[in-house]
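# Structure assessment
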Amino acid sequence: MDDLKFGTRNKRGDWAPSAHAEIAPFWAWPPQISKVLKWLVGYIWPWNAFHMATTLLYWYYIIPGVETMKTLSWDWALWLYAVNGVGIFIMYGAIEFFYYFKRRQGSRFKYNAKFPADNPSDVFWFKSQNIDNFLRTYVFGISMWTLVEVLMLWAFANGYAPWLSWSEHPLYLAFLVFIAPAIHDTYFFFIHRAIHWPPLYKWVHSVHHNSINPSPWSSLSMHPVETFIYHGVAFLHLIIPSNPIIGLFQLHLAGYGAVNGHIGFDKLELTEGTTLDSHAYLHYLHHKYFEVNYGGDGLVPLDKWFGTWHDGSKQSQAQMEARFEQKVARMNAKKN
Ligand SMILES: [Zn+2]
Ligand SMILES: [Zn+2]
């Protein structure tokens, strides 16, 4: 597929989309119904539908019975770790294998023309972004995800949190499912903004930012403190009246959904004529420029409201540069 029909390529070979990112259309007034309906389809299909499908598979085939989950034990904790590990290996590994190892579409639609495997760096374990990110994903990422999962399910099983039933509260619970991605984006924006505070950045978040050119294995490659807090979004379902399936869905949006920002390609070519949108551009810009796009891709436009939105346009670029200049000026003024 000709990626230059959808974007431009610079001298370095980096590709950028011509269309600028937009916030979700329901924030606009007056509402444009056709735009909202089109957006709604993309909101559900395919990514959030996929996360709901894995959630249901887990609930019916993987998650132990309530009696088992009343007691914390290594047995079911390690079982969940193994399933999460295999699930991530299949999902992230498939993208890595076809698009980074086999390079089936070369660098078409690729934001950064370089591939991490071709660029060894001292910041990574074994000088390899792939090995470093893969190991951190399994040692810290999936273990903290599983810890949050076990604690959440254990709390529900013991009645420590309000467990609403689907038969009594179908509309409220359906609404919670529907807004779970918005809960994710809002929570992620604030914790992410907090770990960009210099002392926390240095201690915690810099690990994730070692990957300036992120690839699928970068998604959960984080400091253990970060990955615990990141997945901790599921604990909100112990506070608001909810249901463990929705807590699990929230967790899958975080764990499986982390890959979206780190695919590195704007579109994955599935067949000659079909592509899959990655929704990765805004978070790619975050990895490139650090202090923009702390949140998701405009579902809850917190970056827009806080002045850190970068939609890929020249105007956003100029605003960001002006902000950086002001920051440098402030720092110099403090020094004098
Ligand atoms: Zn990231
Ligand atoms: Zn960051």
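Keep in mind it's a predicted model, so treat the numbers as computed, not measured.

## Comments concerning the coordination of the zinc ion (ligand 2)
Binding of the zinc ion (ligand 2) to the protein goes through His192 (NE2), His196 (NE2), His205 (NE2), His209 (NE2) and His286 (NE2), at separations of 2.1 Å. One chain supplies every donor for the zinc ion (ligand 2), spaced along it as H-x3-H-x8-H-x3-H-x76-H. Of this pair, His196 sits in the loop between α6 (170-194) and α7 (198-209) while His286 sits in helix α11 (residues 281-289), and the two are 90 residues apart along the sequence. For the pair His196 and His286, a shared accessibility class is recorded, and that class is buried.

## Description of the coordination of the zinc ion (ligand 1)
Coordination of the zinc ion (ligand 1) by the protein involves His208 (NE2), His262 (NE2), His283 (NE2) and His287 (NE2), with metal-donor separations of 2.0 to 2.1 Å. Of note is the zinc ion (ligand 1), whose four donor atoms meet at the metal with angles of 96 to 152 degrees in an arrangement that counts as irregular. Site description for the zinc ion (ligand 1): donor spacing in sequence, H-x53-H-x20-H-x3-H. In this pair, His208 sits in helix α7 while His287 sits in helix α11, placing the two residues 79 residues apart along the sequence. For His287, a relative accessible area of 0% translates into the label buried.

## A short note on the nonpolar core
Grouped burial of nonpolar side chains is what soluble globular proteins tend to show. Core analysis: the largest hydrophobic core is formed by 65 residues, its most contacted members being Ile63, Ile88, Tyr92, Leu153, Leu220, Tyr230 and Ile263. Those elements that place two or more of their residues in this core are α2 (47-62), α4 (74-101), α5 (129-157), α6, α10 (244-255) and α11. Aside from chain neighbours lying at most four places away, what touches Tyr92 is Pro216, Trp217, Ser219, Leu220, Gly255, Tyr256, Ala258 and Val259. In this structure, Ala182, Tyr294, Leu299 and Leu302 belong to the second largest nonpolar core, which totals seven residues.

## Re α11
Counting buried residues along α11, eight of its nine residues qualify, which places the element largely inside the surrounding structure. Taken together, the buried positions of α11 are Tyr281, Leu282, His283, Tyr284, Leu285, His286, His287 and Tyr289. Elements that come into contact with the buried residues of α11 comprise β2 (15-17), α6, α7 and α13 (314-335). One or two positions beyond α11, positive phi appears at Phe290, with a value near 65 degrees.

So, how was this worked out
- Residue positions are given per chain, counted from 1 along the sequence in the order it is written.
- Whichever chain is written first is A, and whichever ligand is written first is 1; the rest continue in order.
- Per-residue local features are limited, in this predicted model, to residues with pLDDT of at least 70; the limit for side-chain atom pairs, both in listing and counting, is 80 or more; totals at the level of whole chains, interfaces and linings are taken over all residues.
- The side-chain quantities take in all heavy atoms of the structure and omit both hydrogens and water.
- Metal-coordinating donors are taken as N, O and S atoms lying within 2.8 Å of the metal, or within 3.2 Å when the metal is Na, K or Ca; because water is left out, some sites can appear incomplete.
- Secondary structure elements follow DSSP: runs of H or I of four or more residues count as helices, runs of E of two or more count as strands, with numbering from the N terminus.
- Relative accessibility thresholds used throughout: buried, under 20% of the residue-type maximum; exposed, over 50%; partly exposed, between the two (1.4 Å probe, protein chains only).
- Any site counts as irregular unless it has four donors with all angles between 85 and 135 degrees, making it tetrahedral, or four or six donors with opposite ones more than 155 degrees apart and the rest between 65 and 115, making it square planar or octahedral.
- We call a set of buried residues a nonpolar core when its members are Ala, Val, Leu, Ile, Met, Phe, Trp, Tyr or Cys and they connect through side-chain atoms within 4.5 Å of each other.
- Note on contacts: a residue pair is in contact if any heavy atoms of the two residues lie within 4.5 Å.

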